[in-house]
Structure formats: C-alpha cells, structure tokens
Amino acid sequence: MSRHPGHTHRKTGLRTGHVIELLQNGEAYFAALEAAIHAATQSVWLETYIFRADRIGSAILDALVKAAQRGVEVRVLVDGFGSAELDENWWQPLINAGGTVRVFGPHPSVWRLKRVHLRRLHRKLTVVDGQIAFVSGINIQDDWDIPGQRAPRFDFAVRVQGEVVVKVAAAMEKLWLRQNWRTAMVSPRTLGLQQPDLQDGAKAALLLRDNLRRRRDIERAYLYAIGRARSEILIANAYFLPGRRFRRALQAAAKRGVRVTLLLQGMVEYRLQHAASRALYGPLLDAGVNIHEYQPSHLHAKVAVIDGLWSTVGSSNIDPFSLLLAREANLIIEDPHFARTLQQRLQQAITQDAQPIESMAWRSQPWHVRLRCWLAYGVVRWGLGLIGQARKW
C-alpha cells in the first residue's frame, strides 16, 4: 500500500489522499476483484475489452451472479469485438439474477470496415460500492492461455480508494448511458457514497482517452513527464509503435543523460505489429535508449515509472490504436513508494526474463530482416492513412 502527503497538482489534475495497491498479473488482480465483488453491498460496475468464457471468466461471472442475487446493482459493459465469442446465453444467469449487460459497438464486418468500427472500448475499469476502483490493463481471461508460455501473461492493475474513485464511476456512468438512446439525455448520477477521509495518501488522477474532448490526454501526460525527466524513464508496453513526437521525446531524454529503458514484447503475438515496432529500434538505440524484449510469455503491460515518483498503470498502449482510436483509461500516480514497487517489479522482469537488444548486433542483422521490419511499418502507416490519421504519426 502507498501513503504519501501531498496536495492538488493544478497542472495535471493530481489530487492527494489515495490508498493504492499494485496488483501484478491475473493471479493477484482476479483474486482482489473477486473478493471485492463478493463483499459488495450496493453496486458493481465493470467494463472490459475482453470477457472470455474460460475458467477466469466463469469465476468472475459467478461472483457477479451471486452479487446480483443478493440485491447488488450489477452492470457489465463489454466491447463487441473483444468479447465477440460470447453470446446471450453466456450472460443469461446474470440477467436472470437481475444484472444488466450491454455491448459497446457491433463486431465490425471485414467487408464494411469504417473508422468508427475501430473505435473500441479498450479500457478495463471496475467500481464497487462507489468506494473501490480497479484500473487495469488486464482483461477478464485466463492469463495462462498462451501456447508455449513459461509464465503468466505479464500485466498490472491497481486497486484504489479515494477521490479518484468518483471520477472513475462518473466516466463509467456517462458511457453506460450513451449505450441506450432512451437514457442518452439523462445526466450521469453520482453514487452518493462518502469517500474515505484520508489526511494524506498518494496523489492520483484518472486520464481518459476518447474521440471528443480527450483525444490526446494520455499521450500528453506521457510527453509532459518524459520532458521533465532528469534521471530515469522506464516504460513497459505491449504494443509499442509511438508517433514522431513521442519518439523524439525519448531520444531527447536519452541524449540529455536520462537513462531510458523500454521493456517490450519478445514473444510474438501479432507478427505485423511486432515487426513494425522493431523497425523503430535502430534510431532509438542510436540515441542511447535501452531496449529489452520480454521472453517467457506475452507482455501485456501498459505501465511506466519516471524519476522514481511519477507512474502510470492502465489500458493504453503506445500505438495508433490506443492513442488515436480506442477508449482508454490510465491512472497517473505520484508517490515514491508506489513508484519504487513498480520499478522493482519491472527491473526484476528485465533482469530475469528479458533479452537485451544490442545496438551493434541490431545493425549487423541481414538487410532483408531490417527491410521486412520497415515494410511492416509502412503497411501499418498505410493502414492508418486509410482511416485519415497518418499525418499525426
């Protein structure tokens, strides 16, 4: 747990008075989530990109059903693409118990793909009784479901209490109402529950990304923190394909003496995206950025630590999908204890489970390997151009 005295940070919206717990991988996250649902007395609101019909999905669904049966208001919002394998029969026990399920966006047709179809609900949020929030990069799925993996999917979530819970609940309520035109004109309600009166505690702020007023909030927060970094930047990100401004910010930090370390995907999940990301390695390595690829399983984390104080945990990757299209949610935290804990977990993964990419070895690869990466990068940029956003990347 982290507690640290502070005050409102006017520039970033950070406010003091939070108790925040870091949860690593599905084992810790699902245990904490289930416990909170089982203890709920008034409400459970849950949003996720993927809700899978496996052992984890079944356990969470069972907890939600039991909560609804004892009179708790249970609401679930899932993405129509990420959770496409689930049909109405899967949700019937929850609906029968009095819970409500809605789907964000239809599953897009390959033959009628439009930009709006790519604007998915990618954030992972839960609020229980208006008192506890979970902000996560972890989907509701078994993190041991990867063929050939030697470890669970590497990811993080946070359990938080304090004023930011109200912000999380308000964001979820607003999106929930938008899913039904009959309630679209209704003002989002508050849960009316008193937040814990903490005299101190970690500073925290919720950052959202949507396609209206908050199109670049998460990216701007990263750029602001990177631009102010003085000693160390440590980023772990599953799908790393940053735009020009982001890359230049990292290169400039490394050149002014900041130790910049990236922990990226090593076990290939999507070949085209992985190759496109690797096309950027050369310029970053030349600038002095350290790159490590995580090997035992899929790296699914979307976290960062800067100067042992500023941290972020959430759903946003550093790629066009997350920064230009999807609905995302990240928690920004300023607390040395929390930052130290997250930094230690990432450093352990780098030391024990990652392969360093050496600049000379990377440059000495056969030309056709590097060409393949740049061709993949070109295809991704071309695809982005089709949806009218390439000028920003």
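Given the structure is predicted, the values throughout are model-derived calculations rather than measurements. Sequence order sets the numbering: in each chain, residues are counted from 1 along the sequence as written. A pLDDT threshold of at least 70 governs which residues receive local features in this predicted model, and a stricter bar of 80 or more applies before side-chain atom pairs are shown or counted, although totals over entire chains, interfaces and linings include all residues. Heavy atoms from the whole structure form the basis of all side-chain values; hydrogens and water molecules are not counted.

Some thoughts on the packing of aromatic side chains
Then, number 1: Geometry of aromatic contacts follows a simple scheme: Phe, Tyr and Trp rings, the Trp one being its six-membered ring, pair when their centres are within 6.5 Å, and the pair is stacked under 30 degrees between planes, edge-to-face over 60, tilted otherwise. All told, the structure shown has 11 aromatic pairs when counted by the stated rule.
Then, number 2: For the pair Y29 and F134, a centre-to-centre distance of 6.0 Å together with 70 degrees between the ring planes defines the contact as edge-to-face. You can see Y29 sitting in helix 1 (residues 25–39) and its partner F134 sitting in strand 6 (residues 132–136), a full 105 residues away along the chain. Side by side, Y29 and F134 carry an identical accessibility label, which is buried.
Then, number 3: Ring centres of Y239 and Y270 lie 5.9 Å apart, and the angle between their planes is 50 degrees; this geometry places the pair in the tilted category. Under the scheme used here, helices are H or I runs from DSSP no shorter than 4 residues and strands are E runs no shorter than 2 residues, and both carry numbers assigned from the N terminus. The cut-offs for exposure are 20% and 50% of the maximum accessible area for each residue type, with area from a 1.4 Å probe on protein chains only; residues under the lower value are buried, those over the upper are exposed, and the others partly exposed.

Side note on the pairing of strand 14 (residues 328–334)
Then, number 1: For strand 14, the buried fraction is high: seven of the seven residues fall into the buried class.
Then, number 2: Going residue by residue along strand 14, you find E328, N330, I332 and E334 tucked away on one face and A329, L331 and I333 tucked away on the opposite face as well.
Then, number 3: For strand 8 (residues 202–209) and strand 14, the ladder comprises seven bridges, and the chain directions are antiparallel. Its bridge partner being in strand 14, A205 is matched across the sheet by I332.
Then, number 4: Where strand 13 (residues 310–314) meets strand 14, five bridges bridge the pair, whose relative direction is antiparallel. Paired with G314 across the bridge in strand 14 is N330. Any two strands between which DSSP finds at least two bridges are classified as paired.

Digging into the side chain of D210
Then, number 1: Relative to the helices and strands, D210 is located in the loop between strand 8 and helix 5 (217–228).
Then, number 2: Polar contact is defined as a pair of N or O atoms within 3.5 Å, subject to the rule that within protein one atom must be able to donate a hydrogen and the other to accept it, and that residues adjacent in sequence are counted only when both atoms are side-chain atoms. For D210, the side chain forms a polar contact with the main-chain nitrogen of R214, separated by 3.0 Å.
Then, number 3: Excluding residues within four positions of it along the chain, D210 makes contact with R215 and R327. Residue contacts are counted whenever heavy atoms from the two residues lie within 4.5 Å of one another.

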